[in-house]
Amino acid sequence: MRRVLAVVTLATSAAACMSAPTKPAVDGDTGAAEQIAWGPCTDLKRPDGQRPARQDTSVRCAKLAVPLDYADPGGDKIEMALIKIPATDQSKRLGSLVFNFGGPGGSGVDTLDQAAKSLSSLRSRYDLVSFDPRGVERSSGVRCGDTAELDKYMALDTLPDNEQTRAEGDAANKELAQHCEKDSGKILPYVGTVNAARDMDRLRTALGDEKLNFVGMSYGTQLGAVYATKFPTRVGRMVLDAPLDPTVTFEQRTLAQTRGFQHAYQSFLKSCVKDRCEVGKDVPTAAANVGRLMNQLAVKPLKVGRRDLTQGLASTGVAAALYSEFAWPFLGNALGAALKGQGQALLYLADSYTGRSPDGTYSTQMTSFPAITCADTSERPDLATLRRTEDAAVKVSPLFGSEGPGGLCAVWPVKGDDEAKHVDATGSAPIMVVGGTGDPATPYEWAPKLTAQLKTATLVTYEGEGHGAYLSGNKCVKRFVDSYLLAGKMPGRGATCKSV
């Protein structure tokens, strides 16, 4: 597989060089939403696919029916999976606070349950709510082939960087796209972000809230931006953390993310050798050792039980750990073990990224990602563009360089459109955008761009590492975000938080 770096949190598209569009028409009423029948949560999962060891009995789950096609609201319906964690102080309750933690393709139902302890300050005044967006997991999740077929796809190498490897990647992309059409063809045309934003407005109505209070992380920032564009007068308090710039082309996105991951990798290596990890005595030695490991794995994978740690899976595992500084010590140990012939830890990291459970089943994380990404753009790169993109990315980083998501979208069975690229929240309540200078997946350069496009947003800069700022543990970011969500106090222009 030519590696696709999804923009998951915890865990967009085309035409930047167009003339400025006219502001899209604002949606009217998305239709009456049914009442939500909350009940016990019966199928929550941890990142490893297992059930939580202990479950908060106050957590509730439900399904909400929404139109498959909003152009035919009386036609077929799909069920959107929901989760709610009630406010701890109901006497001071401000309403509901809806979360999307990223992806596209991440399960909000599972992630909110896992993140609840980190959100206790917000839970004091809000019912915390999240959902699996259409095309994700329990909400008609996009499925593409069986375990054996997905194992084969995820394990594909990106090295050596030659025409044979690229041809194998091209063939694998076509095969995966065919599986997606075969297994999920009915929903593929309808999984785009604009429809997901309409679903959120149905959810707002069903929750009984006049305004939508929303926290979007990573891809969730695009979802929030589109919602604010379609329904500006229904925006309550909105925070967009780790923002995307929806106007970038696939080529621009791939190069920016490759630079971001390479920067994070260099920062990891510096931290690793400072802590005397077993990867190498200094940064050049450590980088050379990892490079040699990857080249060896491309020739002979490491056996891990009945599975193989391939070069493709190993590099995915490295990328997975770069999303958070908290994972860096584990990555150092995992690479040290792999250099000694033990690949279990790197394979675990790769599986956490691709959504593979120990029993071999996959979440829809890596299949919902291309479905939503390709639905949100009309861009379908030709082979020359893909090769140019990959050549440029590999020069930036042999470890992370790839053709990006354009490779799958080039052969995707459904046409996309560009509506989700154009955001303008004129008329909305103030929106807070939080961007991190060391974010590998959503590079900081996108943060001021999204802020400017929204027209009603204020940017907070986090000078730190990792993907996403609010859940990083930084007290300054938490203070700014909580102050806005709980008291409506927006920081002044130029607000900055230092990494501690």
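Conventions used here
Residues numbered from 1 in each chain as written. Predicted model: local features only at pLDDT ≥ 70, side-chain atom pairs only at ≥ 80, totals over all residues. Heavy atoms only, no water. Helix = DSSP H or I, 4+ residues; strand = E, 2+ residues; numbered from the N terminus. Buried < 20%, exposed > 50% of the residue type's maximum accessible area, 1.4 Å probe, protein only. Areas by Shrake-Rupley, 256 points an atom, 1.4 Å probe, with all protein chains shown as cover. Pairing = 2+ DSSP bridges. Right-handed = clockwise from strand over helix to strand, strands pointing away. Expected span 1.5 Å × (residues − 1). Arc of directions from axis to C-beta. Contact = heavy atoms within 4.5 Å. Polar contact = N/O pair within 3.5 Å; in protein donor to acceptor, adjacent residues only side chain to side chain. Disulfide = S-S within 2.5 Å.

Chemist: Is there a simple way to explain the overall build of the protein in this structure?
Modeler: Of regular secondary structure, the protein possesses 16 helices and 14 strands. On the principal axes, the C-alpha backbone points of the protein span a range of 60 × 50 × 45 Å. Within the span of the protein, comprising 500 residues, buried residues form 61% of the whole. Surface accessibility of the protein: about 19700 Å² in total, with carbon and sulfur atoms responsible for 52%.

Chemist: What exactly am I supposed to notice about the pairing of strand β13 (residues 457–465) here?
Modeler: Looking along a regular strand, one sees side chains alternate from face to face of the sheet. Of all nine residues in β13, eight are buried; the element is thus mostly enclosed. Across seven bridges, the pairing between strand β12 (residues 431–438) and β13 is parallel. Counterpart to Met432 in the pairing with β13 is Thr458. The handedness of the β12 to β13 crossover, carried by helix α15 (residues 446–454), is right-handed. Looking at chain direction, β13 and strand β14 (residues 496–498) are connected through three bridges and run parallel.

Chemist: What am I meant to see in helix α8 (residues 283–299) here?
Modeler: Residues spaced three or four apart along an α-helix face the same direction, because each turn holds 3.6 residues. Here α8 spans 25 Å end to end across 17 residues, near enough to the 24 Å set by a 1.5 Å rise per residue. Along α8, the positions that sit buried rather than exposed are Ala286, Asn289, Val290, Leu293, Met294 and Leu297. With its buried residues spanning 135° around the axis, α8 presents them on a single face. Within α8, the exposed residues directed more than 90 degrees away from the buried face are Pro284 and Val299. Where α8 is buried, its residues contact α7 (250–274), β10 (302–304), β11 (307–309), α9 (311–321), α10 (328–339) and α11 (344–354).

Chemist: Whenever I open this one, the environment of Cys180 confuses me. Can you help?
Modeler: Looking at the secondary structure, you find Cys180 in helix α4 (residues 163–184). Note on Cys180: relative accessible area 0%, which makes it buried. Separated by 188 residues in sequence, Cys180 and Ser368 place their C-alpha atoms 9.5 Å apart. Ignoring any residue separated from it by four or fewer positions in sequence, one finds Cys180 in contact with Arg143, Cys144, Gly185, Leu188 and Trp412.

Chemist: Looking at this structure, how should I read the environment of Val396?
Modeler: Mapping Val396 onto the fold places it in helix α13 (residues 383–396). When its relative accessible area of 32% is taken as the criterion, Val396 is described as partly exposed. Separated by 140 residues in sequence, Val396 and Ala256 place their C-alpha atoms 9.9 Å apart. Setting aside anything within four residues of it in sequence, one finds Val396 in contact with Thr258, Arg259 and Gln262.

Chemist: When you look at the side chain of Thr111 in this model, what are you seeing that I'm missing?
Modeler: Looking at the secondary structure, you find Thr111 in helix α1 (residues 108–115). Polar side-chain contacts of Thr111 include one of 2.7 Å to the backbone oxygen of Ser107.

Chemist: Even after reading the chapter, I still don't get the state of the cysteines, so can you show me in this structure?
Modeler: Disulfide: a covalent bond formed between the sulfur atoms of two cysteine residues. Within this structure, the stated rule accounts for five disulfides. Residue Cys144 pairs covalently with Cys180 via a disulfide, S to S 2.0 Å. A torsion of 105° about the S-S bond marks the disulfide between Cys144 and Cys180 as right-handed. Separated by 36 residues along the polypeptide, Cys144 in the loop between β7 (126–131) and α3 (147–154) and Cys180 in helix α4 bring together distant segments of the chain. Residue pairing for Cys374: its cysteine sulfur links by disulfide to Cys409, the two sulfurs lying 2.0 Å apart. Across the S-S bond of Cys374 and Cys409 the torsion is about -95°, and the bridge reads as left-handed. On the criterion of sequence distance, the pair formed by Cys374 in helix α12 (residues 365–375) and Cys409 in helix α14 (residues 406–409) is long-range, its members being 35 residues apart. Comparing Cys374 with Cys409 shows no difference in burial state: the two are buried.

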